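# Fold and contact review
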Amino acid sequence: MSNMLDPYQIKKDFPIFSQAHPSGKPLTYLDSAATTQKPQIVINAMHGYYEKSNANVHRGIHHLGNRATLTYEGTRAKVQNFIHARSRKEIVFTKGTTESVNLVAYGFAEQRLNEGDEIVISAMEHHSNLIPWQMLCRRKKAKLRIIPMDESGTLQLDQLDEMLSERTKMIAVVHISNSLGTINPIEDIIKLAHAKDIPILIDAAQSAAYYDIDVQAWDCDFLVFSGHKVFGPTGIGVLYGKEKWLEEMVPWQFGGEMIRSVSFEESTFAESPQKFEAGTPNIAGAAGLAAAIQYIETLGKENIRQHLKALLGYATAQLGAIEGLRIYGNADKKSAIISFMLESAHAHDIATIIDNHGVAVRAGHHCTQPVMAFYGIPATARVSLSIYNSREDIDRLVEALESVRLIFG
Ligand code: PLP
């Protein structure tokens with residue numbers, strides 16, 4: 001059973017919305033793809049950790065040490081359940097999606113890549129899932145190959161099969177494009193990869209909050225996401241990896257917490273996930289992340305998706321009706337992200353003008369410069385919707401855009 005979410009009710013869970021914008025207008029936050037706002041229970045969980053449980057993890061035999069360890073490892077179990085991983089050992093905490101991808105590039109792909117090999121990514125990757133592979137290819141004299149997309153922002157997967165060969169050592173693909181909103185059919189892509197025994201990483205940064213993730217059913221080799229895009233804190237993220245790959249992978253940071261034994265001559269390392277978590281981790285972040293997952297689960301992802309689908313339909317129709325406005329990214333399956341340009345206005349002008357009306361959108365290349373190059377534009381303005389947005393927010397956006405049109409039209 002699904003229930004429509006009430007964004008007005010949800011907004012009350014987020015203390016940030018109780019403040020006024022300097023313009024005196026209500027705060028209309030349409031930038032959740034960059035980072036989501038945080039509900040009170042996430043803030044409380046982090047606060048509560050420092051107030052009641054603060055100690056270092058794993059080392060303490062004392063009461064507080066045990067509480068901190070329970071908090072931290074409890075979040076690992078929560079994440080395991082959230083993405084349906086087989087074992088807690090498959091969940092590595094990092095500082096975010098970016099660090100997770102870099103860890104796989106260094107610890108896994110680098111070990112398997114030789115001169116002349118290939119890595120395949122898509123045309124719509126965030127720079128975080130592009131540059132680590134580009135740098136790796138440069139180090140190894142390997143080739144980076146790109147799954148092309150068409151004008152609508154849909155990947156041309158009919159070309160993928162023939163791109164893959166025994167030289168392909170890794171595929172890394174985004175689930176939902178942060179600049180176009182395209183939802184990629186990653187289950188099909190994973191099947192194509194595995195038909196040729198190629199490991200595949202899924203960038204779930206934009207999907208983890210809203211879409212059901214089942215790493216076992218999907219059978220992906222790696223999956224990455226960030227806490228701050230799932231209503232959790234900044235500074236904590238997740239790398240999921242199949243246990244067999246994490247065992248094979250080498251650590252890339254060395255120090256406390258990740259060792260089995262150390263002497264001046266030699267050191268041996270703990271098993272995964274500890275071997276990838278050198279140093280004192282982000283324990284307060286883990287406390288916040290667990291609360292964020294709890295919050296999402298209480299709302300229900302099915303309900304969240306229904307709300308976002310209805311809102312996306314409304315926003316697309318309202319924006320589409322504005323003269324001179326062009327939307328970039330019209331794939332059949334889209335998340336609630338709309339990139340657009342209006343008349344001759346630069347994206348930054350759009351964002352600056354509508355900020356005076358209390359409306360927050362992102363302007364720029366959204367860390368996807370190749371996507372901008374594909375359309376031959378430097379930037380777009382981007383609206384990204386979330387659970388606390390209502391039709392009223394979109395109406396405010398449309399009203400604010402009218403003043404952009406008056407200036408530039
Ligand atoms: N991948 C996608 C699709 C994203 O949208 C983002 C952030 O916008 C990232 C990766 C990088 O995430 P982070 O900056 O949290 O590491």
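Computed from a predicted structure; not experimentally measured. (Residues numbered from 1 in each chain as written. Predicted model: local features only at pLDDT ≥ 70, side-chain atom pairs only at ≥ 80, totals over all residues. Heavy atoms only, no water.)

## Digging into the overall build of the protein
When you go through the protein residue by residue, the secondary structure sums to 14 helices and 15 strands. Compactness check: the protein gives a C-alpha radius of gyration of 22 Å against a globular reference of 22 Å for 409 residues, within 12% of the reference. Considered along the principal axes of its C-alpha atoms, the protein spans approximately 70 × 55 × 40 Å. The buried share of the protein, reckoned over its 409 residues, is 57%. Restricting to contacts in the protein with at least 6 residues of sequence separation, those with at least 24 account for 71%. (Helix = DSSP H or I, 4+ residues; strand = E, 2+ residues; numbered from the N terminus. Rg over C-alpha atoms; globule rule 2.2 N^0.38 Å. Buried < 20%, exposed > 50% of the residue type's maximum accessible area, 1.4 Å probe, protein only. Contact = heavy atoms within 4.5 Å.)

## Remarks on empty space enclosed by the protein
For the structure on display, the rule yields three cavities of 30 Å³ or more. Its boundaries defined by the atoms lining it, the largest cavity holds a volume of some 50 Å³. Lining the largest cavity are Ser 32, Ala 33, Gln 206, Tyr 210, Ser 335, Ala 336, Ile 337, Ser 384 and Leu 385. (1 Å grid on protein atoms, 1.4 Å probe; cavity = no way out; pocket = protein on both sides within 12 Å on 5 of 7 lines; lining within 4 Å. Points joined across faces, edges and corners; volume = space filled by probe spheres on them.)

## Side note on the pairing of strand β4 (residues 143-147)
Relative to β4, strand β3 (residues 118-122) is paired through five bridges, and the arrangement is parallel. Paired with Ile 121 across the bridge in β4 is Ile 146. Crossover handedness for the path β3 to helix α5 (residues 131-140) to β4: right-handed. (Pairing = 2+ DSSP bridges. Right-handed = clockwise from strand over helix to strand, strands pointing away.)

## What to know about the side chain of Ser 100
By the element assignment, Ser 100 lies in helix α4 (residues 97-112). Assessed through its relative accessible area of 0%, Ser 100 is described here as buried. Dropping the residues within four chain positions of it, Ser 100 is found in contact with Thr 94, Val 224, Val 238 and Leu 239.

## Remarks on the domain arrangement of the protein
As assigned here, the protein comprises domain 1 (7-30 + 300-403) and domain 2 (43-297). The C-alpha-based centres of domain 1 and domain 2 are spaced at 28 Å. Facing 34 residues of domain 1, the contacting portion of domain 2 comprises 33 residues. Roughly 2,600 Å² of surface becomes buried between domain 1 and domain 2 when both sides are summed, with 58% attributable to carbon and sulfur atoms. (Domains from an automatic or database assignment. Buried area = accessible area lost by both parts, 1.4 Å probe.)

## Some details on the packing of aromatic side chains
Summed over the entire model, instances satisfying the criterion amount to 17 aromatic pairs. Consider the rings of Phe 231 and Tyr 295, whose centres lie 6.4 Å apart with planes at 65 degrees: the pair is edge-to-face. Note that Phe 231 is positioned in the loop between β7 (222-226) and β8 (237-241) and Tyr 295 in helix α10 (residues 283-299), a separation of 64 residues in sequence. With 4.9 Å between their ring centres and 90 degrees between their planes, Phe 374 and Tyr 375 make a pair best called edge-to-face. Owing to a relative accessible area of 36%, Phe 374 belongs among the partly exposed residues under this scheme. Residue Tyr 375 is classed as buried on the basis of its relative accessible area of 11%. One aromatic cluster in this structure is built from Phe 14, Phe 17, Tyr 210, Phe 231, Tyr 295 and Tyr 388. (Phe/Tyr/Trp six-rings, centres within 6.5 Å; stacked < 30°, edge-to-face > 60°.)

## Thoughts on the sheet that holds strand β12 (residues 337-342)
Spatially, four strands are ordered β11-β12-β15-β14 in an open sheet, and the strand pairing comes out antiparallel. A strand with exactly one partner marks an edge of an open sheet, and here the two such strands are β11 (325-328) and β14 (362-364). Ignoring strand direction, the axes of neighbouring strands in this sheet form an average angle of 35 degrees. The pairing of β14 with strand β15 (residues 380-384) spans three bridges and is classified as antiparallel. Within β15, the position partnered with Ala 363 by the bridge is Ala 381. Across the face of the sheet, helix α11 (residues 301-320) comes into contact with β11 and β12 while running at roughly 5 degrees to β12. (Axes fitted to C-alpha atoms, helices over the stretch in contact; angles between N-to-C directions.)

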